[in-house]
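# Chain and residue survey
So you can see what is in the structure, the chains are spelled out below.
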There are 4 protein chains.
Amino acid sequence: MTGIEASEPHQIELFEHGFVRLDDAMASDLSVVNSARVSFAVRKEAMGDKDAGLIRFLMRERHGSPFEHNSFRFHIRAPIFVAREWFRHRFSSFNEESGRYHQLEGDFYIPEPEAVRSQVGKPGSYSFEPVDPALADDTIATFERVYKELYAEYQALMDKGVAKELARALLPFGVFTQFYWTVNARSLMNFLSLRNAVAAQYEIRAYADAVETFFSQKMPVTHRSFVDSGRTPP
Amino acid sequence: MTGIEASEPHQIELFEHGFVRLDDAMASDLSVVNSARVSFAVRKEAMGDKDAGLIRFLMRERHGSPFEHNSFRFHIRAPIFVAREWFRHRFSSFNEESGRYHQLEGDFYIPEPEAVRSQVGKPGSYSFEPVDPALADDTIATFERVYKELYAEYQALMDKGVAKELARALLPFGVFTQFYWTVNARSLMNFLSLRNAVAAQYEIRAYADAVETFFSQKMPVTHRSFVDSGRTPP
Amino acid sequence: MTGIEASEPHQIELFEHGFVRLDDAMASDLSVVNSARVSFAVRKEAMGDKDAGLIRFLMRERHGSPFEHNSFRFHIRAPIFVAREWFRHRFSSFNEESGRYHQLEGDFYIPEPEAVRSQVGKPGSYSFEPVDPALADDTIATFERVYKELYAEYQALMDKGVAKELARALLPFGVFTQFYWTVNARSLMNFLSLRNAVAAQYEIRAYADAVETFFSQKMPVTHRSFVDSGRTPP
Amino acid sequence: MTGIEASEPHQIELFEHGFVRLDDAMASDLSVVNSARVSFAVRKEAMGDKDAGLIRFLMRERHGSPFEHNSFRFHIRAPIFVAREWFRHRFSSFNEESGRYHQLEGDFYIPEPEAVRSQVGKPGSYSFEPVDPALADDTIATFERVYKELYAEYQALMDKGVAKELARALLPFGVFTQFYWTVNARSLMNFLSLRNAVAAQYEIRAYADAVETFFSQKMPVTHRSFVDSGRTPP
């Protein structure tokens, strides 16, 4: 028993070793309507004519609590520099692969050539521009070489008997981790407003965009209202 | 689409006007196992032999986070003195009937004769004893009389044009309200440890016991481990 | 040792029996600046020229986390219908007077004549208008009479041996309670945006306005930025 | 104005480049007592004879909310593998040095020889044993060499124009970061129960022990009760 139909896509692949998989969901636009209408002691069995308007009203007026009565459980594989930003979202639940008790696999994030970029501008108004192809190739080669060397160093220390939890100090932020993330739509929209946004780092934005795809499938009216309100979370 | 089978009971009635109704759930023992085993990058499709032992281990060692990757949405109708205690549980979501914009119905909590009790003992070690039948009857009659008078006063003020939000100042804590409550199993077990307990007030304990029934149906291994660990939440 | 200077006012009285008292605070605009500037590994001992601009930038761009590194502890006495709305603010800490183990004092909220009002308009756009003086007087007289009768009923039940926790079911929402509330500036601004606002109920708005006075004294630049940003919490 | 006396030590150094500095505090045992005694509408100006007993009672019975009405603001510098565990504690506030907009300094964690260890045992009951001196020396030499190479690679990529946010993917978990952490005593005791414990990783345990020193200075009765209750957080 799950809230996901078998015919729906469950998983979006990212960055060779990564994915966002919707493991389960208890989410519907109707849950927003009913938790708002309980103010007037009203309950509905299905979305009606005025209910999309109600959801737009709640979004615009930032009445956030009716958006909390639902839940999405995601299973995610991402580089640790992406996970580090993700775990700052406190109003949700996380469990993650452990580098203390478990040897991390040697999967690392390598940027596509077009994702190798320069930072331009100044604090508060940075932007990012692609680098020339030679530098992109050089950067990718550096990443590949360094990752390979580091994983060998990590492996060698453990082979000599050093504890995993200590040897991992040499692993880079580009290594892949995996985790479960359970979150309601209110907290999810806050995540999307920050992470699927121009100011977000390219890599986490790609993940946030995948998350948004699943959100829009499960709660289409809520998602449309979020977009139409300028992506300001309620 | 819902996480509740049609054949399952959805609603437990309490105290004449009250109920606990499980509106939806995304909850399974397997979600606990998978979010714990992600530490070792392992995922399972079904509960296996060692998984009940793993849940017991997590409960006993108070590794709480794997119990958060699930969600229960309850629809509850209860007296306000019960709701007041309920709303203290911050790691969950609430939307409630409003007395500002909506006239509350004239349903009030009347204790059964055996629920009319005296408080004995001293701070830190109170207990409650039944009163004699005459006092029980007298108390019930007082409740009925006072509630009826108050609701008439409330109605009369509104009939004269006084705002609902002000007139409600005369309504007593015994009036029924209704609300949605969405919560994960970790926070739910904390609620149960405090509210389905000897020290809890009789009325909220009856509600908490109904909540526990639904919890035990959806996550039987987790519930059993909670009980076996002395009802200490992880 | 406390974060409050002896020369500062500590307490604002409201509604005859109520108050907002700042019990202690660890709050300064500098704490916002330093927790933002730690992004660049910079720490300052005092506010500098560009720091007010930084706070305005953080507020406008809704970078909320630097506003969390401070704390206000308030001691509040208010009617329960005010406290009920207050306790919905989950990202803060509460401890409240108990009606289970302690007999509540017979202090109740009586509106001033100009606070007796009618509700006009419809859902989503209500407003409140004063009633005519005769109805105001009549309402006040009703409140006084009903409160007196109810407190006598409450007292009588306890005199006969009924437990306080049960007898309180007859007490009205207008009775005063008291509580401690500890909150950081981010959560506080969210509270102010909702409760010191046109849409808020008159009585909680008066309390929120008192809270805002203390906030503006402790964090004047932050408060000014909040007001200038249209009271949108970061 | 601060809650810290000039004569008190503010900062504890750890691991060559790290520290725990108490930036400010609003914390006292009296705040626990008053927020508990508000249940009975009682307020005290100073700790009295029975108040240590009250705190012990609250701790033992796990009445946690009175321990929330205080606040500690720490400034911490630690390796990222330590920070990663720290940031899992959601009921507190964080702001951290950014590797997106700011070049991280080349400070890295090198274990003392006696901190180079092997992991023995199996899941659920691991322990750690020192390695022989030759392996300890070899490990330290590896750490020093790898860190130096990695920082040079990171620097070289930025010199060629690659964005900091991308180049940092090569930095290892052993690099130092710094952050502010603001937390109340209830959440702090939960942190200490997990991180200043036998099962915790050696490095975060050293930090947690420093945090505990400041906690014990500010709230000595609360700290003593925590220790006496077997370090179970309330």
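Residues numbered from 1 in each chain as written. Chains lettered and ligands numbered in written order. Predicted model: local features only at pLDDT ≥ 70, side-chain atom pairs only at ≥ 80, totals over all residues. Heavy atoms only, no water.

## Section: the overall build of chain A
The helix and strand tally for chain A stands at eight helices and seven strands. In chain A, buried positions account for 60% of the 234 residues. In chain A, 71% of the contacts between residues at least 6 apart in sequence involve partners at least 24 apart. As displayed, chain A offers around 8,900 Å² of accessible surface, 50% of which is attributable to carbon and sulfur atoms. (Helix = DSSP H or I, 4+ residues; strand = E, 2+ residues; numbered from the N terminus. Buried < 20%, exposed > 50% of the residue type's maximum accessible area, 1.4 Å probe, protein only. Contact = heavy atoms within 4.5 Å. Areas by Shrake-Rupley, 256 points an atom, 1.4 Å probe, with all protein chains shown as cover.)

## Some remarks on the pairing of strand β2 (residues 18-26) of chain C
Residue and element names in this part refer to chain C. For β2, the tally of buried residues reaches nine of nine residues, placing the bulk of the element in the interior. Across four bridges, the pairing between strand β1 (residues 11-14) and β2 is antiparallel. The residue of β2 that forms the bridge with Leu-14 is Gly-18. The hairpin turn running from β1 into β2, its antiparallel successor, is three residues long, and Phe-15 in that turn takes a positive phi close to 55°. Taken together, the seven bridges between β2 and strand β3 (residues 71-79) define a ladder with antiparallel strand orientation. Each residue of the ladder has a partner; that of Met-26, found in β3, is Ser-71. (Pairing = 2+ DSSP bridges.)

## Details of the interface of chain B and chain D
Across the contact, 12 residues belong to chain B and 12 residues belong to chain D. Of the roughly 840 Å² buried between chain B and chain D on both sides combined, carbon and sulfur atoms contribute 50%. Area buried by chain B at its contact with chain D is led by B:Arg62, B:Arg90 and B:Phe91, which between them contribute 41% of it. D:Glu68 is the partner of B:Arg90 in a salt bridge, and the nearest nitrogen-oxygen pair spans 2.8 Å. Where chain B packs against chain D, one counts two residue pairs in polar contact (both at pLDDT 80 or more). (Buried area = accessible area lost by both parts, 1.4 Å probe. Salt bridge = Lys/Arg side-chain N within 4 Å of Asp/Glu carboxyl O. Polar contact = N/O pair within 3.5 Å; in protein donor to acceptor, adjacent residues only side chain to side chain.)

## Observations regarding the sheet that holds strand β1 (residues 11-14) of chain A
All names here are of chain A. Spatial strand order, β1-β2-β3-β7-β4: five strands in an open sheet with antiparallel pairing. Because the sheet does not close on itself, it has two edges, and the strands there are β1 and β4 (93-96). Averaged over neighbouring strand pairs, the angle between their axes works out to 15° when direction is ignored. (Axes fitted to C-alpha atoms, helices over the stretch in contact; angles between N-to-C directions.)

## Digging into the relation of the copies chain D and chain A
Superposing chain D onto chain A takes a rotation of 180° combined with a translation of 0.0 Å along the rotation axis, leaving an RMSD of 0.0 Å. In symmetry terms, the pair is related by a two-fold rotation axis. For chain D, the minimum C-alpha distance to the rotation axis belongs to D:Pro172 and amounts to 2.0 Å. The fraction of interface residues of chain D whose copies in chain A are also interface residues reaches 100%, indicating that both copies meet through the same surface. (Least-squares fit on C-alpha atoms with pLDDT ≥ 70 in both.)

## Some thoughts on the packing of helix α6 (residues 185-195) of chain D against helix α7 (residues 202-218) of chain D
Residues and elements named next belong to chain D. Contact pair α6 / α7: the axes reach a minimum separation of 9 Å and the direction vectors enclose 145°. As α6 runs across α7, the sense of the crossing is left-handed. In this structure, α6 uses Ala-185, Leu-188, Met-189, Phe-191, Leu-192 and Arg-195 to contact α7, whose residues at the interface are Ile-204, Arg-205, Ala-208, Val-211, Glu-212 and Phe-215. Residues that form the contact of α6 with α7 fall into these classes: nine nonpolar, no polar and three charged. (Left-handed = near helix turned anticlockwise from the far one by under 90°. Nonpolar A, V, L, I, M, F, W, Y, C, P; charged D, E, K, R; others polar.)

## Regarding helix α7 (residues 202-218) of chain B
Residues spaced three or four apart along an α-helix face the same direction, because each turn holds 3.6 residues. Along its 17 residues, α7(B) runs 25 Å from first to last C-alpha, staying within 8% of the 24 Å computed at 1.5 Å per residue. All of the buried residues in α7(B) are B:Glu203, B:Ile204, B:Tyr207, B:Ala208, B:Ala210, B:Val211, B:Glu212, B:Phe214, B:Phe215 and B:Lys218. (Expected span 1.5 Å × (residues − 1).)

## Structural notes on the interface of chain D and chain A
The partner chain A presents 56 residues to the 56 residues of chain D that form the contact. The junction of chain D with chain A conceals about 4,900 Å² of combined surface from both sides, 56% of it contributed by carbon and sulfur atoms. When the buried area of chain D at its contact with chain A is split by residue, D:Arg84, D:Leu166 and D:Phe173 rank highest and sum to 15% of it. A salt bridge links A:Glu96 to D:Arg84; its shortest N-O distance comes to 2.7 Å. Here chain D is connected to chain A by 28 residue pairs in polar contact (both at pLDDT 80 or more). Mapped onto the side of chain D that touches chain A, the elements with two or more residues apiece are α3 (80-86), β4 (93-96), β5 (117-120), α4 (133-159), α5 (164-167) and α7 of chain D. Looking at the side of chain D that touches chain A element by element, the count peaks at 11 residues for α4(D).

## Observations concerning the environment of D:Asn184
Relative to the elements of secondary structure, D:Asn184 occurs in the loop between β7 (176-183) and α6. Owing to a relative accessible area of 16%, D:Asn184 belongs among the buried residues under this scheme. The sequence separation of D:Asn184 and D:Asn70 amounts to 114 residues, and the corresponding C-alpha distance is 5.4 Å. Sequence-distant contacts of D:Asn184, that is, excluding residues within four places in its chain, are made with C:Ser93, D:Phe67, D:Glu68, D:Asn70 and D:Ser71. A polar contact is formed between the side chain of D:Asn184 and the backbone nitrogen of D:Arg186, at a distance of 3.0 Å. A polar atom in the side chain of D:Asn184 sits 3.0 Å from the backbone nitrogen of D:Ser187.

## A few points about the confidence of the model for chain A
Here chain A averages 95 in pLDDT, while 96% of its residues score no lower than 70. ipTM for the predicted complex: 0.94, alongside a pTM of 0.96. (pLDDT = per-residue confidence, 0-100.)

## A short note on the relation of the copies chain B and chain D
Under the fitted operation, chain B is carried onto chain D by 0.0 Å of movement along the axis and a turn of 180°, and the coordinates agree to an RMSD of 0.0 Å. Taken as a fraction of all interface residues of chain B, those also at the interface in chain D reach 100%, which identifies the copy contact as same-surface.

## So, the sheet that holds β2(C)
Residues and elements named next belong to chain C. Pairing in this open sheet of five strands is antiparallel, and the strands run β1-β2-β3-β7-β4 from one edge to the other. In this open sheet, the two strands that pair with only one neighbour each are β1 and β4 (93-96). Within the sheet, the average angular offset between the axes of one strand and its neighbour, ignoring direction, is 15°. Those strands touched by helix α6 (residues 185-195) are β3 and β7 (176-183), and its axis lies near 135° from that of β7.

## Some words on the domain arrangement of chain A
Where interface size is quoted, it is often the accessible area lost as the parts come together. We note that the domain assignment places domain 1 (11-98 + 174-228) and domain 2 (113-170) within chain A. Inter-centroid distance (C-alpha atoms) of domain 1 of chain A to domain 2 of chain A is 30 Å. (Domains from an automatic or database assignment.)

## Details of the pairing of strand β7 (residues 176-183) of chain B
Residues and elements named next belong to chain B. Counting buried residues along β7, eight of its eight residues qualify, which places the element largely inside the surrounding structure. A two-sided burial pattern is seen for β7, the buried positions comprising Phe-176, Gln-178, Tyr-180 and Thr-182 on one face and Thr-177, Phe-179, Trp-181 and Val-183 on the other. Pairing analysis gives eight bridges linking strand β3 (residues 71-79) to β7, with the strands arranged antiparallel. Along β7, the bridge assignment pairs Ile-76 with Phe-179. Of the pairings in the sheet, the one linking strand β4 (residues 93-96) to β7 comprises four bridges and is antiparallel in character. Counted as the bridge partner of Ser-93 is Thr-182 from β7.

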